[in-house]
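What follows is each chain in one-letter form.
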Amino acid sequence: MPATWEYKVITLKYGGGGLHLTLTPTDEETTAALNREGAQGWELVSVVCAGIAQPALLYFKRPR
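Conventions and cut-offs
Every residue gets a number counted from 1 within its own chain, in the order that chain's sequence is written. Where local features are concerned, this predicted model is filtered to residues with pLDDT of at least 70; where side-chain atom pairs are given and counted, the filter is 80 or more; whole-chain, interface and lining totals use all residues. Excluding hydrogens and water, the side-chain figures rest on all heavy atoms present in the structure. The aromatic pairing rule takes the rings of Phe, Tyr and Trp, using the six-membered ring of Trp, and pairs them if the centres are within 6.5 Å, calling planes under 30 degrees apart stacked, those over 60 edge-to-face and the rest tilted. Throughout this description, the term charge over a ring refers to an Arg CZ or Lys NZ atom that lies within 6 Å of the ring centre and within 35 degrees of the ring normal. Confidence per residue, as judged by the predictor, is encoded in pLDDT with a range of 0 to 100. Numbering goes from the N terminus for both helices and strands, where a helix is a DSSP run of H or I of at least four residues and a strand is a run of E of at least two. Residues are treated as being in contact if the distance between any of their heavy atoms lies within 4.5 Å. A pair of strands is labelled paired if DSSP reports no fewer than 2 bridges between them. Fitted lines through C-alpha atoms serve as axes, helices being fitted only where they are in contact, and the angles separating the N-to-C directions of these axes extend from 0 to 180 degrees.

A. Main features of the packing of aromatic side chains. Taken as a whole and judged by the stated rule, the model has zero aromatic pairs. Here Lys 61 stacks its cationic end above the ring of Trp 5, 4.0 Å away from the centre of that ring.

B. Representation of the confidence of the model for the protein chain in the model. Mean pLDDT over the protein chain stands at 82; residues scoring 70 or higher make up 83%. Confidence scores differ between elements of the protein chain, with helix 1 (residues 27-39) showing the lowest mean pLDDT of 88 and strand 2 (residues 43-49) the highest of 94. Across residues 18-22, where pLDDT falls below 50, the model places three contacts with residues more than four positions away in sequence or in other chains.

C. Looking closely at the pairing of strand 2. Bridge count between strand 2 and strand 3 (residues 56-63): six bridges; the pairing is antiparallel. Across the sheet, residue Val 48 finds its bridge partner in strand 3, namely Leu 57. Hairpin connection from strand 2 to strand 3: six residues lie between these consecutive antiparallel strands, with Ala 53 at a positive phi of about 65°.

D. Looking closely at the sheet that holds strand 3. Read across the open sheet, the three strands follow the order 1-3-2; overall the sheet is antiparallel. At either end of the open sheet lies a strand with only one pairing partner, and these are strand 1 (5-12) and strand 2. In this sheet, neighbouring strand axes are inclined to one another by 20° on average, regardless of whether the strands run parallel or antiparallel. As defined by bridge partners, strand 1 adjoins strand 3 across eight bridges and the pair is classed as antiparallel. Paired with Tyr 7 across the strands is Lys 61, a residue of strand 3.

E. Representation of the environment of Thr 11. As for its placement among the helices and strands, Thr 11 is situated in strand 1. Note: C-alpha distance between Thr 11 and Val 47 (36 residues apart in sequence) is 9.7 Å. Here Thr 11 is in contact with Pro 55, Ala 56 and Leu 57, once residues within four sequence places are set aside.

Here it is as structure tokens:
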């Protein structure tokens, strides 16, 4: 029987105010978020960002 998968999409949003165009998460914050998902069995398979100051879409999958 072929493997079946379930999928999850997380939007990584950028914030900011004043004269800041973007405020990106720190490497540590991003790593911690990815490690939390990995601990639940999710594997990051793709990241898509439409452009500067746009949210990034993180695509995950795990066996069902």
